[in-house]
Amino acid sequence: MPRAPRAVPTWLAHPLRWQRLPVPWAAVVRGALCAGPLLAAGVATGHPAAGVLAGLGSMLAGVNDRPGTRRRGVVHIGLPALASSFGMLMGATLQTVGAGWWVVPALFAVGFVSGAGSVAGPVRSNAGMQMLASTVLGAGMPLSGAPWLKALYLLAGCLWLLLLRLVFHPPRPVGGPLSGERAAVATVFDALADALEAVGGPGAEAARRRLTAALDRADEALRLRRLLRRRPRADERLLAERLAAGTALCEASVALLWEAQPLPDRVAEGPRRFAEALRTGRPPGRLAAPETSSPARGAFDRALLDAAVVFARTEPLDAAGADGGPAAISGAVPVRTETGTGTGTGTETDTGTDGQAETQPRDEERGTPTTERPAPRRPSLRDRTRTLIAPRARPGRSLLGPAGRDYGLRVGLCIAVSAAAALALRADHWYWLPATVTFLVKPDLGPLFSRTVNRFAGTVAGVLVFAAAGTLLDGWWWPALIAGAGGALLPFATRHFALQTVAITLMVLSFVHVSGDPQAALERIVDTSAACGIVLVVGHLPRLADPRRRVGHRVTAALRTTGAYLGEVLRTEPGHDRGERLVLRREAYRALGEARAAAETAAAELVAARGRNPDWLTVVTAAERIVDAATACAVRLDHGARRPTRQEAHRLSEALTAMADALEDPGRPGPPALAAQIPPVPGCATLTDVAAELERMRGFAGAA
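Residues numbered from 1 in each chain as written. Predicted model: local features only at pLDDT ≥ 70, side-chain atom pairs only at ≥ 80, totals over all residues. Heavy atoms only, no water.

(A) Focus on the overall build of the protein. Looking only at helices and strands, the protein has 27 helices and two strands in total. For the protein, the residues scored as buried account for 57% of the 704 residues in total. A separation threshold of at least 6 residues defines the contact pool for the protein, and within that pool the share at least 24 residues apart is 81%. About 29300 Å² of surface is accessible on the protein, with carbon and sulfur atoms providing 61% of the total. (Helix = DSSP H or I, 4+ residues; strand = E, 2+ residues; numbered from the N terminus. Buried < 20%, exposed > 50% of the residue type's maximum accessible area, 1.4 Å probe, protein only. Contact = heavy atoms within 4.5 Å. Areas by Shrake-Rupley, 256 points an atom, 1.4 Å probe, with all protein chains shown as cover.)

In structure tokens:
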């Protein structure tokens, strides 16, 4: 009897994964106009050091040149650029004073700060990584010039790419201004339509996660509009109201996902029409007739009609997020219509081709005045900046917390060991080895083994291509040509880390060749091999490789946020403001998305220590289903379903809190709330599902 084929281990299959993404042609053109021309200009004018540093800065900025609005580019490119120039200033100062072996503890300190920043979000994580890389290169590359001048050249290269992004952008669509922000909000409605089409099928949960990611991107795009603006314009406030309407629609759609009953195709037509209206500026047209076959379907159709009223307006409502603050953008401020507050209370709306909404208030709403809210205080520049960098403080993101210390120790130790080994083996060109480690060891960038394999393969391929070009081409211009080709390849290379490494290797070898080391190409393979070996050994030390320390804090934070949302659902009475509930739901899904990414990375590690750790992906999946069921419960409670008793609500909330406590500290005795089986909630299918998922997690929390 033939044996069944064995499944390929995740850690072995991960290096072969390839992301399918559209080609960012605008970024490709920007990349071709950055490193190569800057390097050529420096060599042609007799200032090769300036050309190398400016090209290096544009390369680092090109790594962060991702699709999005122009303001998103300012933040995602500008903040790492400042960190890179500061790192170059520190590294060049170490070189100027002749630090020698004192470079090792200095790089350990910078590496610790860089690693600790991994828990603070992607922008600060990239800023920390590029600060560390610039420090290494500034301390090791033999370039002339004062430290402050080197840092200025590097910053100029970063700003050159940022300037190209701001000046050269796709033509504005017919929808008018706010083209990038409109596209981000339109993507939310497209993702919502995709999720509705997936209801009842195997891809429903994945579609809901894509919807959550689209909401995060749209939320960020609108937040960035407020960075340098005292008061948002009317069109910005109107767009924020439309995103808030989409947020309310998403809540009702999650309840439909929980019901898992396939929907007619016409249900997804409404969100598609809203997305098209955002892109073109035209009215969405007539919507499908509503129906109330279930509480979730009725809630969705009422939210759809409320959204139609919002899209029919050409001017924003002054009280509905007049400051454009986080509440309005995240959906915390309910969408006020001319007939109510957009909380699912019935409004029958027909949006015709002329864009005017006809509203017919229900009998119980006739004569009920709309409650006006006082306009909130306008935020200061400091408040807007803090909101941009950290919209809401989330657990587990402290740089000095347990996860931050572990991340910092891993990066700092690997950098220090690699720098010491490089100084002992090749003191004249020691910087390549720790620079390679910098791009490998960051815990939030992917599985360590996968990145190591792809880094080695990409470096070998890049070295061979550069060596072949050196034998075929002659003259001072060919390194600039290779750097330009690498810069053009870099935006496309985000699909795979090995391809990205090829692009970076081509550019760095061009810089090294111009800076006075033309024979360094083949030596890079030896240095990269040594760096990969150091990372595999040091990065897999017991304390540094324990998934509980690197993943547990995110899962615990996600469970606590889920518990806060569940408690808010069970506490909120019908008719009360649901703004806090909407905000907590968004925070719960965002925290769960971060926890899932960390769990997937841990599952693909070479040393996963699965026998001593929970199945993190199972825990995260159960928590996601709890949020789905709690959302469905909220919709049902809003429409008259039986409310759970205080004892039932307390038991579920206490069990979820106890689950987070048990995962956070597995050494202490199991909490009393997990000692016994969690019973279902009679007469409430949604909360019975919550209890079932809690029961499923009991074994992973060490209680069973």
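Still more to cover.
(B) View of unusual backbone geometry. Within the chain, alanine 260 stands out as a residue other than glycine whose phi angle is a positive 60°. Its location among the elements puts alanine 260 in the loop between α11 (234-259) and α12 (269-280).

(C) Structural detail: the environment of arginine 71. Checked against the element boundaries, arginine 71 lands in helix α5 (residues 70-96). With relative accessibility at 31%, the residue arginine 71 sits in the partly exposed group. Separated by 154 residues in the primary sequence, arginine 71 and arginine 225 have C-alpha atoms spaced 7.1 Å apart.

(D) Spatial organisation of the side chain of threonine 212. Take threonine 212: it is sitting in helix α10 (residues 204-224). Residue class for threonine 212 comes out buried when judged on its relative accessible area of 8%. Not counting the four nearest positions on each side in its chain, threonine 212 is found in contact with Arg586, Tyr589 and Arg590.

(E) Molecular detail of the packing of helix α4 (residues 48-63) against helix α8 (residues 147-167). At a closest axis distance of 7 Å, the pairing of α4 and α8 adopts a crossing angle of 45°. With respect to α8, the axis of α4 lies oblique. Handedness of the α4/α8 crossing: right-handed. Contacts from Ala50, Leu53, Ala54, Leu56, Gly57, Ser58, Leu60, Ala61 and Gly62 of α4 reach α8 at Lys150, Tyr153, Leu154, Gly157, Cys158 and Leu161. (Axes fitted to C-alpha atoms, helices over the stretch in contact; angles between N-to-C directions. Parallel < 35°, antiparallel > 145°, perpendicular 65-115°, else oblique. Left-handed = near helix turned anticlockwise from the far one by under 90°.)

(F) Up close: the pattern of salt bridges. The full count for this structure, using the stated rule, is 29 salt bridges. Between glutamate 251 and arginine 581 there is a salt bridge, with its nearest N and O atoms 3.1 Å apart. With a gap of 330 residues between them, glutamate 251 in helix α11 and arginine 581 in helix α24 (residues 579-603) connect regions that are remote in the sequence. The residues glutamate 251 and arginine 581 share a single accessibility class, namely buried. Taking the shortest distance from any N to any O, the salt bridge between glutamate 648 and arginine 642 comes out at 3.6 Å. Glutamate 648 sits in the buried class, given a relative accessible area of 11%. Using a relative accessible area of 39% as the deciding quantity, one classes arginine 642 as partly exposed. (Salt bridge = Lys/Arg side-chain N within 4 Å of Asp/Glu carboxyl O.)

(G) Inspection of the packing of aromatic side chains at higher detail. Summed over all chains, the structure comprises four aromatic pairs. Here phenylalanine 189 and phenylalanine 274 contribute two aromatic rings whose centre-to-centre distance is 5.7 Å and whose plane-to-plane angle is 70°, an arrangement assigned as edge-to-face. One end of the pair, phenylalanine 189, is in helix α9 (residues 179-197); the other, phenylalanine 274, is in helix α12, with 85 residues separating them in the sequence. Taken as a pair, phenylalanine 189 and phenylalanine 274 share a single burial class, namely buried. Arranged with centres 5.6 Å apart and planes meeting at 85°, the rings of phenylalanine 189 and phenylalanine 311 form a pair that is edge-to-face. With a gap of 122 residues between them, phenylalanine 189 in helix α9 and phenylalanine 311 in helix α13 (residues 295-312) connect regions that are remote in the sequence. Summarising the burial analysis for this pair, phenylalanine 189 and phenylalanine 311 share the class buried. Within the aromatic cluster, the residues linked to one another by ring pairs are Phe189, Phe274 and Phe311. A cation over an aromatic ring shows up here: arginine 242 above the ring of phenylalanine 311, its NZ or CZ 4.7 Å from the ring centre. (Phe/Tyr/Trp six-rings, centres within 6.5 Å; stacked < 30°, edge-to-face > 60°. Lys NZ or Arg CZ within 6 Å of the ring centre and 35° of its normal.)

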